[in-house]
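Read off the chains here:
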Amino acid sequence: MTERLKALLPPDGTPVLNRVLRLMLSRDFGQSISDALYEQARDSLFASGQIGRLRGQGGQVFLAKSDNGGVAEPTASDAGSKLSESELMPHLGRYLKTAFRKELDIPAHGEWLVKDTSQMGPPRGRWARPDFVLLTAMRFRVMPGAQLDVYSFELKAEYGATDLAVYEALAQTRFTHFGYLVWHLPEGSPAGARLPDITGQCGQHGIGLIRVHEPATDDGFETVLDPIRKPTPPAAVDSFLERRLSEDEQKLLRSALAGTAA
């Protein structure tokens, strides 16, 4: 268990969330890995100096310097100077409700909804909790029928964009039509060395990539890649939304799809 956990960590010292590592281990071993077993393996590696740890927002671990080819690892003091995912969440919510929504050019008779779903859904569901979802609903004026589009957004802090982050954003399109990875990557950040690789992986899997240069302003958000619409089964989308939207929110969308919205 300890050797496989260590092998899953990026060699450049990039931190990975504990919950993501535990899920990856469960997949590799073909069975559920308990929190206690994971923590025992993690603590063993930490005690022997093979990995480092970052506290907060679920906790993260990374390869220690001696095991990652000399790459400088984040220190506790350095991590404290960076914006965490929880600190970035309000900025992303504001951006989705303003500049991003305007780019979608939703017609006047359509409806839209942005919702924080980071704490909603099954607690042990594998990557079933996007940080935000954005929904648009409208009925066609000439052609028969209506259209509902669901966008999911997975937010990562400066050192959180790894290969696993791309897979996390991809996995969320099991329930949505468009998936985005949103990465806070300030100018001059050492983590910027991973930008070409992350961009390539997002493009390979049809995932959108939004780079956040400066979260306090809408101009600080840059769409690096647009996503490709996934052919997600309507039943999967419906079940996902039913568990995460209030009755009033569901009613709003149903009215727009029926063409009876105010």
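Just above, that's the structure.
Residue positions are given per chain, counting from 1 as you read along its sequence in written order. For a predicted model such as this one, the threshold for reporting local features is a pLDDT of at least 70, and the threshold for listing and counting side-chain atom pairs is 80 or more; totals across whole chains, interfaces and linings nevertheless cover every residue. The side-chain numbers reported here are obtained from all heavy atoms of the structure, hydrogens and water having been left aside.

> How would you summarise the nonpolar core if you had to cite specific residues and measurements?
Definition of nonpolar core: a set of buried residues of the types Ala, Val, Leu, Ile, Met, Phe, Trp, Tyr and Cys, connected through side-chain atoms within 4.5 Å. Any residue under 20% of the maximum accessible area for its type is buried, any over 50% is exposed, and the rest in between are partly exposed; the area is computed with a 1.4 Å probe on protein chains only. Judged by nonpolar contacts, the single largest core of 19 residues is most densely connected at L92, L96, F100, F153 and I210. Elements supplying a minimum of two residues to this core: α5 (85-103), β5 (132-139), β6 (146-156), β7 (178-184) and β8 (208-212). The contact definition used throughout considers only heavy atoms, calling two residues in contact when any of these lie within 4.5 Å. Leave out the neighbours within four places in its chain, and L92 touches F132, L155, V182 and F221. Counting residues in hydrophobic clusters, the runner-up holds 17 residues, among them V16, L21, V61 and L63. Segments assigned H or I by DSSP are reported as helices when at least four residues long, segments assigned E as strands when at least two residues long, and all are numbered from the N terminus.

> Mind laying out the packing of aromatic side chains, listing which residues take part and the relevant values?
Here the aromatic set is Phe, Tyr and Trp, taking the six-membered ring for Trp, and pairing holds for ring centres within 6.5 Å; pairs whose planes are under 30 degrees apart are stacked, those over 60 apart are edge-to-face, and all others are tilted. Under the counting rule described, the total for this entry stands at 8 aromatic pairs. Relative to F153, the ring of F100 has its centre 5.3 Å away and its plane inclined at 85 degrees; by these criteria the two rings are edge-to-face. Of this pair, F100 sits in helix α5 while F153 sits in strand β6, and the two are 53 residues apart along the sequence. Accessibility expressed as a relative area gives 0% for F153, which makes it buried. Grouping aromatic residues by their ring pairs yields a cluster made of Y95, F100, Y151, F153, F178, Y180 and F221. Stacked on the ring of F46, the Lys or Arg R53 has its end atom at 5.5 Å from the ring centre. To sit over a ring, a charge needs its Lys NZ or Arg CZ within 6 Å of the ring centre and within 35 degrees of the ring normal.

> Could you give an account of the pattern of salt bridges, naming the residues involved and the relevant values?
Throughout this description, the term salt bridge denotes a Lys or Arg side-chain nitrogen within 4 Å of a carboxyl oxygen of Asp or Glu. Applying the stated rule across the entire model yields 13 salt bridges. A salt bridge links R211 to E187, with the shortest nitrogen-to-oxygen separation between them at 3.8 Å. With R211 in strand β8 and E187 in the loop between β7 and α7 (195-205), this pair connects stretches of sequence that are 24 residues apart. Since its relative accessible area comes to 11%, R211 is described here as buried. Among the salt bridges present, the one from R254 reaches E247, with a minimum N-O distance of 2.7 Å.

> How would you sum up the sheet that holds strand β9 (residues 221-225)? Please name residues and give values.
Backbone-to-backbone hydrogen bonds pair the strands of a sheet. The strands run either parallel or antiparallel. Read across the sheet, 6 strands follow the order β4-β5-β6-β7-β8-β9 without closing on themselves; strand pairing throughout is mixed. In the strand order of this sheet, the two ends are held by β4 (111-116) and β9, each with one partner. With strand direction ignored, the average angle separating the axes of adjacent strands in the sheet is 20 degrees. By definition, two strands form a pair when at least two bridges between them are found by DSSP. Pairing of β8 with β9 involves 4 bridges; the strand directions are antiparallel. The partner of I210 across the bridge, within β9, is T223. Note on method: axes are straight lines fitted to C-alpha atoms, helices fitted across the in-contact stretch only, with angles between N-to-C directions ranging 0 to 180 degrees.

> So, the pairing of strand β3 (residues 60-63): which residues are in play, and what are the values?
The pairing of strand β1 (residues 16-17) with β3 spans 2 bridges and is antiparallel. Within β3, the position partnered with L17 by the bridge is Q60.

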